[in-house]
Amino acid sequence: TLMRSSAASDVYKRQEYGAHERWTSAARSAYFRMLQLKWSYVAQMIDAGVNVFLSDADSAYAADPLAYTRRIANAATPQPLDLLVQSDARVGVAASVTWVCAGNFYLRATPASVSLVRAVALCMHRTGLPDQDCLQYLLTASAQELSAPVDGDMPTADELGVRWALLDPLRVANGGIFFASQLNRKLDVPPLLVHANQNWDKQTRLQSAGLWLLDENEKCIV
C-alpha cells in the first residue's frame, strides 16, 4: 500500500507544505514537489501491478466509487479502459467540455498506464507545469491555462496507446458543478464523490453540504 512505499509519509507532513492558500504550482514550490511525490507514488503502485483510484485530500465520498469506475472501465470495447479521469468542466464555458482534473482518477495497471505516468512526470520536470496541465496536454493535445510551453517531443495519449474517458461530472462532481452551479441538486442526481476544487474555503463548503465528518478536534463524528 501507499504507506508502505519507499517514499512513506512525506506527503502527509502538512506543516512542511504550509496552508493551502500559500501553495503555488511554481516549479520550486513545496506544493509542486508534493505533486511530484503524488505521481511517484502512483508510479510505484502501477509498476507493482496495482490498480489505483486516487483522490485529492479535498474530496468527499458520498458512496464508494470503485464499483462504478471498474464497471465503466471493464465495459469498454474492444478492451478495457486504462484511465478514467474526473471532468473539470465549467458550466457556461464551452471549451471546458474536454478539461480533465488530476484530482480524482482511476488508473489500471497496464503498460500504457505506466507510460502515461512516466510522461506526466517528465512533462512536469521539463516544463515546471503542474500535473493537471501536463495530464491535460498528454490526453488532449490542448490546454486549460498552460503557463509554459510544452516540449513538442512530448507524446500524446494516443501515441502511448492509452485508452481513457472522462468520468460523469454529475457522479464524480467537481467544485464548480456541485457547489457553484448546484447541478446535482437541480437535476436530482446524487454524486458518488464531490471534489472541492475551484474553491478556496473548502472546509466551509464541505460542511455546508454535510460532507465534512470531523469535529473541531478533528475526531470523526460518525
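Residues numbered from 1 in each chain as written. Predicted model: local features only at pLDDT ≥ 70, side-chain atom pairs only at ≥ 80, totals over all residues. Heavy atoms only, no water.

**With respect to a nonpolar patch on the surface**
- A cluster of nonpolar side chains, Leu 213, Ile 221 and Val 222, forms an exposed patch at the surface whose accessible area comes to about 310 Å².
- Its place among the elements puts Ile 221 in the segment after α9 (202-208). (Patch = residues over 30% accessible without salt bridge, like charges linked within 9 Å, V, L, I, M, F, W, Y side chains within 5 Å. Areas by Shrake-Rupley, 256 points an atom, 1.4 Å probe, with all protein chains shown as cover. Salt bridge = Lys/Arg side-chain N within 4 Å of Asp/Glu carboxyl O. Helix = DSSP H or I, 4+ residues; strand = E, 2+ residues; numbered from the N terminus.)

**Thoughts on the pattern of salt bridges**
- Taken as a whole and judged by the stated rule, the model has 4 salt bridges.
- The shortest N-O distance in the salt bridge between Asp 58 and Lys 202 comes to 2.7 Å. Here the residue Asp 58 occupies a position in the loop between β1 (52-55) and β2 (59-61), and Lys 202 occupies one in helix α9, the gap between them amounting to 144 residues. Taken individually, Asp 58 and Lys 202 each receive the classification buried, so the pair is uniform in this respect.
- Between Asp 88 and Arg 90 there is a salt bridge; the shortest N-O distance is 2.9 Å. (Buried < 20%, exposed > 50% of the residue type's maximum accessible area, 1.4 Å probe, protein only.)

**Describing the confidence of the model for the protein chain**
- Mean pLDDT over the protein chain: 84, with 84% of residues reaching 70 or higher.
- The low-confidence segment residues 1-23, where pLDDT is below 50, has 33 contacts with residues more than four positions distant or belonging to other chains. (pLDDT = per-residue confidence, 0-100. Contact = heavy atoms within 4.5 Å.)

**Observations regarding the side chain of Thr 69**
- Examined against the element boundaries, Thr 69 turns out to sit in helix α3 (residues 66-75).
- Polar side-chain contacts of Thr 69 include one of 3.0 Å to the backbone oxygen of Leu 66. (Polar contact = N/O pair within 3.5 Å; in protein donor to acceptor, adjacent residues only side chain to side chain.)

**Quick look at the packing of helix α2 (residues 30-47) against helix α4 (residues 111-127)**
- In the contact formed by α2 and α4, the axes pass within 10 Å of each other and the chain directions differ by 160°. As the angle between them shows, α2 and α4 are arranged roughly antiparallel. Considering the relative orientation of α2 and α4, their crossing is left-handed. For the pair α2 and α4, contact is made by Phe 32, Leu 35, Gln 36, Trp 39, Val 42, Ala 43, Ile 46 and Asp 47 and by Ser 113, Val 114, Val 117, Arg 118, Val 120 and Met 124, respectively.
- Residue composition of the contact of α2 with α4, by class: 10 nonpolar, 2 polar and 2 charged. (Axes fitted to C-alpha atoms, helices over the stretch in contact; angles between N-to-C directions. Parallel < 35°, antiparallel > 145°, perpendicular 65-115°, else oblique. Left-handed = near helix turned anticlockwise from the far one by under 90°. Nonpolar A, V, L, I, M, F, W, Y, C, P; charged D, E, K, R; others polar.)

**Section: the packing of aromatic side chains**
- Within the structure shown, the criterion is met by 3 aromatic pairs.
- Both rings, one in Trp 39 and one in Phe 105, keep their centres 5.3 Å apart while their planes meet at 20°; by these two values the pair is stacked. Here Trp 39 is found in helix α2, whereas its partner Phe 105 is found in strand β4 (residues 100-107), with 66 residues between them in sequence.
- On the accessibility criterion, Trp 39 (4% relative accessible area) is buried.
- The class for Phe 105 is buried, based on a relative accessible area of 1%.
- Positioned above the aromatic ring of Tyr 68 is the side chain of Arg 171, whose terminal nitrogen or guanidinium carbon lies 6.0 Å from the ring centre. (Phe/Tyr/Trp six-rings, centres within 6.5 Å; stacked < 30°, edge-to-face > 60°. Lys NZ or Arg CZ within 6 Å of the ring centre and 35° of its normal.)

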